[in-house]
Amino acid sequence: MRELCAAALPANAWNWIAVWRRNYLAWKKVALASILGNLADPMIYLFGLGFGLGVVVGRIDGTSYVAFLAGGMVATSAMTAATFETIYAAFARMHAQRTWEAILYTQLTLGDIVLGELAWAATKAFLAGTGITVVATLLGYAAWPSVLYALPVIALTGLAFASLAMVITALAPSYDYFVFYQTLVLTPMLFLCGAVFPVAQLPNVFQQAAHFLPLAHAIDLIRPALLSRPAGNMGLHIGALCIYAVLPFFLSAALFRRRLMP
Amino acid sequence: MSTVAIDLAGVSKTYEGKVVVDGLSFRVAAGECFGLLGPNGAGKSTIARMVLGMTSPDAGEITVLGVPVPARARLARARIGVVPQFDNLDLEFTVRENLLVFGRYFGMSTREVEAIIPSLLEFARLESKAHARVSELSGGMKRRLTLARALINDPQLLVMDEPTTGLDPHARHLIWERLRSLLARGKTIILTTHFMEEAERLCDRLCVLEKGRKIAEGHPHALIEEQIGCQVIEIYGGNPHELHSLISPYAQRIEVSGETLFCYAPDPEQVRLQLRGHAGLRLLQRPPNLEDVFLRLTGREMEK
């Protein structure tokens, strides 16, 4: 049993950095395309929905619809960037490219690798979320300097979604299975968590369900920061995101242990 | 410093009800080249993975470089270099970047890795390719880069799973020559192979495997001498059964495999004499090799 743990857990507090740096080096070669790819989608939603629907919706929660939507899109972009990095890129490194296998020949453990991948996915989520935040701020849809409070939350949101996606990566036999996670988990979350309209619009049972979803906690922290409003229940939201970051990490490490070291 | 690099004692492994390794024991001395020889599915790769602590045995004890594996495999792996069966280099990186990134996994600083990269490239004969992307390299160059990568932590032990499978003869000979220079430097090598020639040329000792069991162990030439010990005549064409009765009085042993008849003859001239006048026969007389040993021990050929 101790052997199982030793292989699945990080060996120390810094081994993961080597994995992060490997991914950073690979990313640097395609940085521009990667940034544009991560920013384009949420930008289109922000301005497409923001201005298009904004005309119909008018003001919402005491602010313009674009400004309301900005917080939701920042959180969503962090969710998507972290998820896609984990289910596609990390899966490729684990499966087809055998990068993880090569790393396991060294003194790194599976736990080190998973931690490095999570930190890297959170970094990409941070870049994507921060990109949207900067644009929203420059255009006057987010308030300076309170917007700065959103930045650590974006990173934590990225970590939580990377960690969740890592469980899916550990379980999926092939790429084909990821589409279920996207359509059955991520897309519903977008509508249940107040990204595009207030949670209060939902039937009561869905409102209750939203309390358990990580994106709702991320939005409840990010939106007030962008709108320069006080955020309620900060401890609860941060705690919930931390649980989503930590528990799936251990679960995925154990699943990878079973999958890669039979 | 222990003189035993690897000690396997009574190791077994079952995957999904199938026994892959069956009560296997062997010892590899420090500084020797030890070969695991057997056909595909004999359990060679599983043994290599178990030595690295990447697969846990169901039964038995494994000690590598004085450290119990898999319990403290991380400690052992810090002093092991690995050349896997399938290349897992970073294709989007250059040769240099591959080495740099891999060195960091061993906790080396960028400066430390950069200091040894020139000597590794020289060893792998890749000096002119430092800035080439891995995707531009030939199969032989990729293998040599993998070998250089395996040396980045200055390992005492090299674990190689089919190091020359899929290479052309020229590339294969270059790898063999590089491996001999590593042995000359005192490194210990354990390699898996299904190439008889590779096993004969490189290995000080061999463990011949079939279905996860050891069927013979020893120095390649000693094994050949002990199991065969005479010239071999391969006979093609003709009816194997007819020929069998004709030459059996003069043969120590005869094996039929497919359309080929293997005649193990202390006095090959007598056999040739018997076959004179049989039209359409092709005869090939040669010294015995490990293929014959495997045929003798298992009743079948290793490849095919």
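Residues numbered from 1 in each chain as written. Chains lettered and ligands numbered in written order. Predicted model: local features only at pLDDT ≥ 70, side-chain atom pairs only at ≥ 80, totals over all residues. Heavy atoms only, no water.

K.L.:
Got a minute to help me understand the overall build of chain B in this structure?
P.N.:
In terms of regular secondary structure, chain B is built from 11 helices and 14 strands. Summarising its shape, the C-alpha atoms of chain B cover approximately 75 × 45 × 35 Å along the three principal directions. Sorting the 304 residues of chain B into buried and exposed places 55% on the buried side. The long-range fraction of contacts in chain B, counting pairs at least 24 apart against all pairs at least 6 apart in sequence, stands at 67%. (Helix = DSSP H or I, 4+ residues; strand = E, 2+ residues; numbered from the N terminus. Buried < 20%, exposed > 50% of the residue type's maximum accessible area, 1.4 Å probe, protein only. Contact = heavy atoms within 4.5 Å.)

K.L.:
What exactly am I supposed to notice about the packing of helix α3 (residues 95-105) of chain B against helix α4 (residues 110-123) of chain B here?
P.N.:
Residues and elements named next belong to chain B. Across the interface, α3 lies against α4 with an axial gap of 9 Å and an inter-helix angle of 130°. As summarised for this structure, α3 and α4 are arranged oblique, according to the angle between their axes. Handedness of the crossing formed by α3 with α4: right-handed. Packed against α3, whose contacting residues are Val95, Arg96, Leu99, Leu100, Gly103 and Arg104, the element α4 presents Thr110, Val113, Glu114, Ile117, Leu120 and Leu121 at the interface. Residue classes in the contact of α3 with α4 are distributed as 7 nonpolar, 2 polar and 3 charged. (Axes fitted to C-alpha atoms, helices over the stretch in contact; angles between N-to-C directions. Parallel < 35°, antiparallel > 145°, perpendicular 65-115°, else oblique. Left-handed = near helix turned anticlockwise from the far one by under 90°. Nonpolar A, V, L, I, M, F, W, Y, C, P; charged D, E, K, R; others polar.)

K.L.:
Looking at this structure, I do not really get the nonpolar core. What am I missing?
P.N.:
Inside soluble globular proteins, nonpolar side chains tend to come together where they are buried. Core analysis: the biggest nonpolar cluster contains 171 residues, and Ile6, Phe26 and Val64 of chain B have the highest contact counts within it. Considering each element in turn, this core owes the most residues, 15 residues, to helix α4 (residues 65-94) of chain A. Excluding anything up to four places from it in sequence, Ile6 of chain B contacts Phe26, Arg27, Val28, Val51, Thr63, Val64, Leu157 and Ile190 of chain B. One finds Leu243, Ala251, Val271 and Leu275 of chain B within the second-largest nonpolar core, a separate group that totals 12 residues. (Core = buried A, V, L, I, M, F, W, Y, C linked by side-chain atoms within 4.5 Å.)

K.L.:
Help me out: how do you make sense of empty space enclosed by the protein in this one?
P.N.:
Counting across every chain of the model gives 3 cavities of 30 Å³ or more. In this structure, the largest cavity encloses a volume near 60 Å³. Around the largest cavity, the lining residues are Thr99 and Ala102 of chain A together with Asn88, Asp90, Asn98, Val101, Phe102, Tyr105 and Arg149 of chain B. Elements with a contribution of two residues or more to the lining of the largest cavity: α5 (99-104) of chain A together with α3 of chain B. Per-element tally for the lining of the largest cavity: the top contributor is α3 of chain B, with 4 residues. Here the residues of the lining of the largest cavity sort into 4 nonpolar, 3 polar and 2 charged. (1 Å grid on protein atoms, 1.4 Å probe; cavity = no way out; pocket = protein on both sides within 12 Å on 5 of 7 lines; lining within 4 Å. Points joined across faces, edges and corners; volume = space filled by probe spheres on them.)

K.L.:
Which parts of the structure should I look at to understand unusual backbone geometry?
P.N.:
In terms of backbone geometry, most residues other than glycine have negative phi values and most peptide bonds are trans. Trp144 of chain A connects to Pro145 of chain A through a cis peptide bond whose omega is 0°. By secondary structure assignment, the location of Pro145 of chain A is in the loop between α6 (110-138) and α7 (150-171). For the bond from Val69 of chain B to Pro70 of chain B, the omega torsion is 10°, close enough to zero to count as cis. Topologically, Pro70 of chain B is positioned in the loop between β5 (67-69) and α2 (73-77). One non-glycine residue, Leu65 of chain B, adopts positive backbone phi at about 50°. By the secondary structure assignment, Leu65 of chain B is in the loop between β4 (59-64) and β5.

K.L.:
Explanation requested: the sheet that holds strand β1 (residues 4-15) of chain B in the structure shown.
P.N.:
Sheet strands pair by backbone hydrogen bonding; their relative direction is either parallel or antiparallel. All names here are of chain B. As summarised here, the arrangement of the 4 strands in space is β2-β1-β4-β5, forming an open sheet in which the pairing is antiparallel. Strand pairing shows two members of the sheet lacking a second neighbour, β2 (18-29) and β5, which therefore form its edges. Averaged over all adjacent pairs, the angle separating strand axes in this sheet is 25°, with direction ignored. Bridging between β4 and β5 involves 3 bridges; their strand directions are antiparallel. Residue Val64 lies in a different strand from β5, and its bridge partner there is Val67. With respect to the sheet, helix α1 (residues 44-51) is in contact with β1, β2, β4 and β5, its orientation differing from that of β1 by roughly 120°. (Pairing = 2+ DSSP bridges.)

K.L.:
I tried to follow the packing of aromatic side chains on my own but got confused; where do I start?
P.N.:
Residue and element names in this part refer to chain A. The full count for this structure, using the stated rule, is 20 aromatic pairs over all chains. Cluster of aromatic residues (ring-pair linked, three or more members): Phe84, Tyr88, Phe91, Tyr175 and Phe178. Sitting over the ring of Phe68, Arg223 keeps its end group 3.6 Å from the ring centre. (Phe/Tyr/Trp six-rings, centres within 6.5 Å; stacked < 30°, edge-to-face > 60°. Lys NZ or Arg CZ within 6 Å of the ring centre and 35° of its normal.)

K.L.:
Any chance you could explain helix α8 (residues 178-192) of chain A here in plain terms?
P.N.:
One turn of the α-helix equals 3.6 residues, which is why residues spaced by three or four share an orientation. Residue and element names in this part refer to chain A. The end-to-end C-alpha distance of α8 is 20 Å, a good match for the 21 Å that 15 residues give at a rise of 1.5 Å each. Listed as buried for α8 are Phe178, Tyr181, Gln182, Leu186, Met189, Leu190 and Leu192. Contacts made by the buried residues of α8 are with α4, α7, α9 (204-210) and α10 (214-227). (Expected span 1.5 Å × (residues − 1).)

K.L.:
Would you mind going over the pattern of salt bridges with me for this structure?
P.N.:
Between side chains of opposite charge, pairing is possible as soon as their charged atoms come close. Counted under the stated rule, the structure contains 23 salt bridges over all chains. Where Asp90 of chain B meets Arg22 of chain A, a salt bridge forms, and the shortest distance between an N and an O atom there is 2.6 Å. One end of the pair, Asp90 of chain B, is in the loop between β6 (80-83) and α3; the other, Arg22 of chain A, is in helix α2 (residues 16-28), on a second chain. Arg22 of chain A shares its class with Asp90 of chain B; the two are buried. For Arg125 of chain B, the salt bridge goes to Glu177 of chain B, with nearest N and O atoms at 3.7 Å. Placement of the pair is Arg125 of chain B in the loop between α4 and α5 (139-150) and Glu177 of chain B in helix α6 (residues 169-184), with a sequence separation of 52 residues. Classification of Arg125 of chain B as partly exposed rests on a relative accessible area of 39%. Linked by salt bridges that have partners in common, Glu85, Arg93, Glu117 and Lys124 of chain A make up one network. (Salt bridge = Lys/Arg side-chain N within 4 Å of Asp/Glu carboxyl O.)

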